[in-house]
Every structure is written in structure tokens, then in C-alpha cells.
Amino acid sequence: MTDMPLAADPPRLQTQGLLIGYTTSLIPALDLAVSKGSILGILGASGRGKSTLLGTLAGVTPPLAGRVLIDGRDVTGTAIHERGIGFVFQEPLLFTHLNVIDNIAYGLRRHGVAKAQARERSAELLHWVGLAGLERRSVHELSGGQAQRVALARALAPEPAVMLLDEPFSALDTELRSRLVAEVSAMLRNRGCATVYVTHDPIEAEAMADSIIQLESTTTTSRTTP
Amino acid sequence: MQAALSTLLALAVGLPIAAVVSRYRFRGRAFTQALVTVPFVLPTVVVALAFRSMFGPDAPQGLAIVICAHAYINLAVVVRIVGARWSQHDDRYETVARTLGASRVRAFLTVSVPMLRSSIASSAAVVFVFSFTSLGIVLVLGDQTTRTLESQILRQTSVLLDFPCAAATAVLQLVLICVVLGIGATMTRRAPTERPLPATLRPLPRRPLARLTVIAVAATACALVLAPVLALALASVTSNGALTLVWWRSLGSIDAGTTRVGSPIAALATSLTFAVIAGTIASLIGAMAAISLITHRVGRITALAAIIPLGVSAATLGLGMLLAFGRPPLDLRATGMLVPLAHSLVAVPLVVAVIAPALRSADRRTQIVAASLGARPTRAFATAYGPILRVVMLAAGGLAAAVSLGEFGAASFLARAGDPTVPIQIVRLLGRPGAQSYGAAASLAVILVILTLAVVLVIDRAGRGLRTDQQSPTPSGIA
């Protein structure tokens, strides 16, 4: 069992006795607590269940046992689209049939925001991630770093309570990656998201996260970053 | 109208099957996928008769049954084309859409469908053209409301003997086909693309309802494909509700008392002869076109000429053959070669499609090594490509023979009255009243099914053998 150090605020994301996997649990029961504006790093070798954990928190993969709570609400049986989470993968996975602004506006539209208003708010977000002026650009014309920023803006647009990041910078070059790590962690804190950040790079985890969990098959260890 | 409805039905039935067989790993998946392909390789006349057998000889003919039969035949087009694309689609796009607030259905409609649009448009265009130029199905199952341009060309040629009008109709049909294929190609080109993932199968969903849905779709697909074929087989061994072999026994003697229909066994011999001739001609022409395609810059023009018959309907081809080789100065009607020649033309595009990729997959460096050792160009080419060419020409020839066995459109223009092929014989038998004619037609159709499937299985086995040979490791040691 792993207890994360709790911040002063009540946790936005909590798990209680969470067992993840398809038939048998990949790790011991997990008790997490991530508060508003803080970032939890998840480290572990391949096959240890890092991505499965994110899938379980998102609702893609049902847990074998345990509960997931967001803002105190049990969302274990709640459909993905009703959980209030954002998810950014290793690849930006931008919708290729939509341009940059419509990619960001996609989530706002699904939440009932009118088209004009959704585009206006998306333009603000695009400016915020440093890509103003690329509104009408086809997603095929973006560089890797630009595409990942758009993916982040898209995930942030519906103002999710929880942000799940699955090695979002691993496909980028070292210089760009270190710059984005700093920028994105600041953005997420600023937005008040409880963030779970999966990476295989301990240095990156140290730089970005407030606390880190190391997933092992028999145990999980946690520590707070300096 | 008929072609549009057929296309919609083929998509409506084919897309769920494509989603299941191309994405999930389950017992019987490969069987289901192979079974769905069967209707496409069956002769159209056989499918038409199978549908009549399923609904009974007195079933109402018309638009509904024609649409169902067209959707049945073209199921494989949708499942294969869309399925190939779907198997490479990244599911995480849907996950992203769902985290952004889209429901499961909404995520599918707003994200996955646009990304699959190119393959859906391609398959829809092909199904539309096939249904638009359908002849066998329309003749056996249709009525006045389902007449196609293809059947109109046949009528103008064989009943009204109005060749100029038939030629004009054929040109009109060709233009319309080009327009539809052009629209399909434009939609495909404009459709969004994603970087395709390696095709992988995923485990069945964990949610019981989703798992049950996958299994139910696969089971329904098998039942849909098997039902008409089983009904046909049953019709060939049933008389007044009792099992009998009387129709099979009558295959050699049904022409007793009439000279108009001819013996079914004789038709079988004619079809087999034509299939061998067409297979030989098509594999030779197709091999030459494929070789020129991969060896010469001008080969693309040769290959283009070879695949032109793919865009030309069977009736147009038959009419063209009749106008070109059915009167002086070159009248081949008396030689009996018009039908196998037309069949080989129909099959050449498929032969090129089989041979060219196989030749491209061969290691061209072998040719360079052979040349460096003193082999003349032809010899070096034979050293590099000969072993593959032998196998693939046999397979492609078999495919051409299978096409010839079931071809009806061109043969209906060109076959001589006393020398019908099996599909023509089936249609003639169906045109005669009486249970004996119907039973004999069903028996002949069953023979055609068995022959076609046997040829396709042999080709499949040859293809697998070829793939295995190509994958075998190269000896690393030097003797």
C-alpha cells in the first residue's frame, strides 16, 4: 500500500485499494491522493502497469478491485466522458480531419459551448501555449513540439479536474523536452489540475513532479521530490 | 437508385462485421473473415439462384431481393477494404475524444468515422459500380423496376438487335462509372489520414455486453453468408419436401425431348475448357504486363492497358468483342474462342494485381549478382524472378480460371446457342417452368460452387507456400 503525502487541500484525485490489470493485478493495492495543482510522477520499468494505471484512472480499463474518486465523488463505474479528466499520450493524437482551433474546441463543443464561443476560448488557450496565429493550420503542418502543445491545450480546454500524462514528451528531442517539462508543469499547476505523470525517465520525473511513485511488481515506493 | 440502396445495405451490414473481424482476436475469427469473402468469389448467377432457393422459387422478384443479393456479394469488398484500414486505426483517438466529453457513439461518429472515411468511400464506390453494372442478379431476381443499363445493353443487342443503340448505352454507362470512381477517388484523396499502426488484433472487450456484441456480430455474419449457400445445396437434393438425388441424376439427360436447353454436363465440359483456355491466356498476358511494369519505364502504360477491362462492364466488353471480332474482317464466332478470349480479358487485371506485387517482393539484387557472374539479361531475370513467376503464374491462372467459370455477363453476349457455359445454362434452365429444371439448375450451381471454392483454396495454398518461401531465412554461410 502506498500513501502519498497529502497537501493542505483535500485531494482532487484519490484511489482506494486500487488493483489494476486484466486478470491478476500488476501491482499491490494502490492508495493515491493527488491534490489540486500538484503533480504525481509514476516511474517503473516496461510492463509494470504504468499505462494500465492511467487507463484505469481514465476509465478505459476497469479496475480489478478498489475505487477511484475525483473531488470526493466515486467515479469507478462512471463512463470516461463523464469523469472530468484530460489525457495526453506520447503521440499528440490530434484529430487529422480538424484544424488546430477545432481540435482544441472539440471538448468545449461536447460540453455544450456554442461554436463561436468555443473557438474564442480555444484561441485564448492556443495563445497561452505559445502558438497564437496557428488557428487555421492543418495539424499535419505542425512540428512535434507544436503538436504536443496543441494536444495539451485540447486536453485543458474543458477544464478537467484531473490530467493524465502518458510520457507526453518522450518523442521529442532533449532540448525541447526539458523546456516543455518546465512550461507544462507550470501551466498545470496554474490551472489547478491534479496531474498524474507517467515517465520512464527519473530525471524528468524529478523536474516535473511534486512526488514520485516507483511501481514494482511486489511493492510500490513513494517519495517527495526536493 | 438500386445501386445506391445496394451500397447502403452493404455498408450497413459490412461495417459492423469489419469492426469485429479486423480488430478483435477470438476463436473462429479467421474462419469468419474467410467465409465473408466466399460470396464475392461465387458466380453471380449462383448467388441469384441461392437467394431464390432461400426464399423459395415463388418468392416475389424485384428491388428488395436484388438489393439483398448485391449487398451479399459485396460484403467482402466492405469488410476487406474498411477492415484493412480499421485494423491499423489507433483506438486512443476515441479515448482522447471521450476524455474530452464525447460519448462512445459521439466519439465514434466524430473521430473514428472521419478517419475511416477514405476506406469507406473507396469500398462504397466499388460496391456502387458492381451493383450498377450487375447483370446476372438482375436477370434472375429482378423485374421491370430493377432493369440496369447492363441488362438494357443485353436486351438491345440480343432482342432488339439494335447495335448502335447498345453501343451508345455502353458508352453512357462507361462515363457514369468513370464519374462514380472519380468521386470515390476524390473523397479518398481529401479524407484525413493518420499514421497507420501495425495491424494488430486486440483481446475481446471485458464488458460482458460488448463481448457478447462482438460474438453475436461474428455469428450473424457466418449465418448470413451460409444461409443462401445451404438453401441452394438443399434445393439440389429436395423434391416435394423429401430428400432425393433425382436432380443430380438428371444432369446428363435433362435435354431429352428438347434441343433448346442442351445438356448440363456438356455445359460443364464447355465451362471447364473455357476456364483452362482463359486461365492460360490471362496468365501469359498478365505476366507479360507485370514484367513490363517492373522492368521498363513504359511498362506503366502496358499495365494501364491491361487493367482497363476492370473499369469496363462485362456487357460492354461482350458487346465490344462482338463488334470487333464477330464480323468480317475478323470473325471468330465460328471458332468458339470469343468467350474464353473475353474471359481472359476480364481476368487480366486480376492476374496483373497478383503477379506484379509478387515480382516486386523478389530480391532484385539476385538479378544483379547473376548478371555480374556473366548471365545475359534474360537469363539473369529468369534466375531472379523465375521461381516466383512459376508459382505465381499458376496461382494467377487459377484465379483467371475461377473468374471464367462464373462469368456470365460477357458470355451471355458471346456464347453460341449450342455451346453454353454453366452460368448461361443455369439461367436458361431457370427460364423453363417445372421442378426438374429448377432442381437441375440448383445441382449445376452447387457443382459451380464446389469448383470455384476448390480453385480458390488451391490458389490460397499456393499463395501461402509462396509467402513461406519468401520468409525463409537466407543461408548465411558461403559454400
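Please refer to the structure placed before this passage.
The following paragraphs examine the structure supplied in this document. (Residues numbered from 1 in each chain as written. Chains lettered and ligands numbered in written order. Predicted model: local features only at pLDDT ≥ 70, side-chain atom pairs only at ≥ 80, totals over all residues.)

### Side note on the overall build of chain B
Rules: Only DSSP runs of H or I reaching four residues or more are called helices, and only runs of E reaching two or more are called strands; each is numbered from the N terminus. Any residue whose C-beta has 12 or fewer other C-beta atoms within 10 Å is treated as exposed, any with 20 or more as buried, and any in between as partly exposed, C-beta atoms being built from the backbone. Contact criterion: two residues are in contact if their C-beta atoms, reconstructed from the backbone, are within 7 Å.
The helix and strand tally for chain B stands at 20 helices and 4 strands. Buried positions account for 45% of the 479 residues belonging to chain B. In chain B, once contacts between residues fewer than 6 apart in sequence are set aside, the share between residues at least 24 apart is 78%.

### Regarding the interface of chain B and chain A
Cut-off, in case you're wondering: In this count, Pro and Cys sit with the nonpolar residues alongside Ala, Val, Leu, Ile, Met, Phe, Trp and Tyr, while Asp, Glu, Lys and Arg are called charged and the others, Gly among them, polar.
Listed per partner, the contact involves 20 residues of chain B and 19 residues of chain A. Mapped onto the side of chain B that touches chain A, the elements with two or more residues apiece are α5 (92–99) and α6 (104–132) of chain B. Sort the elements by how many residues they give to the side of chain B that touches chain A and α5 of chain B lands first, with 7 residues. For the side of chain B that touches chain A, the residue count by class is 9 nonpolar, 5 polar and 6 charged.

### Considering unusual backbone geometry
Residues and elements named next belong to chain A. With a phi close to 50°, Leu-93 is a non-glycine residue in the positive phi region. The buried category is assigned to Leu-93, around which 23 C-beta atoms lie within 10 Å. Phi is positive for Glu-159, which is not a glycine, with a value near 55°. Considering the arrangement of structural elements, one finds Glu-159 in the loop between α4 (144–156) and β7 (162–166). Since 14 C-beta atoms lie within 10 Å of it, Glu-159 is described here as partly exposed.

### Thoughts on the nonpolar core
All names here are of chain B. Inclusion rule: For our purposes the nonpolar core covers buried Ala, Val, Leu, Ile, Met, Phe, Trp, Tyr and Cys residues that link as a set through C-beta atoms within 7 Å.
Grouped together as the largest cluster of nonpolar side chains are 208 residues, with contacts concentrated most on Leu-49, Ala-69, Ile-355 and Ala-445. Broken down by element, the residue count for this core peaks at 16 residues, all from helix α4 (residues 63–86). Ignoring anything within four residues of it in the chain, the contact list for Ala-69 reads Val-47, Ala-48, Phe-51, Ile-137 and Leu-141.

### Here we look at helix α8 (residues 149–158) of chain B
Most of α8 of chain B is tucked away, with 7 of its 10 residues classed as buried. Of all the positions in α8 of chain B, only Leu-149, Glu-150, Ser-151, Ile-153, Leu-154, Gln-156 and Thr-157 of chain B are classed as buried.

### What to know about the packing of helix α2 (residues 29–41) of chain B against helix α10 (residues 208–236) of chain B
All names here are of chain B. The criterion, for reference: Lines fitted to the C-alpha atoms define the axes, with helices restricted to the stretch that makes contact. Angles between their N-to-C directions range from 0 to 180 degrees. Put simply, angles under 35 degrees are roughly parallel, angles over 145 are roughly antiparallel, angles from 65 to 115 are roughly perpendicular, and the rest are oblique. We call a crossing left-handed when the near helix sits turned anticlockwise from the far one by less than a right angle, and right-handed when that turn is clockwise.
At their nearest, the axes of α2 and α10 sit 9 Å apart, and the two run at 30° to each other. Taken together, the axis directions place α2 and α10 in an arrangement best described as roughly parallel. As α2 runs across α10, the sense of the crossing is left-handed. Here Thr-32, Leu-35, Val-36, Val-38 and Pro-39 of α2 come into contact with α10, specifically with Ala-218, Ala-221, Cys-222 and Val-225. Residues belonging to the contact of α2 with α10 are distributed by class as follows: 8 nonpolar, 1 polar and no charged.

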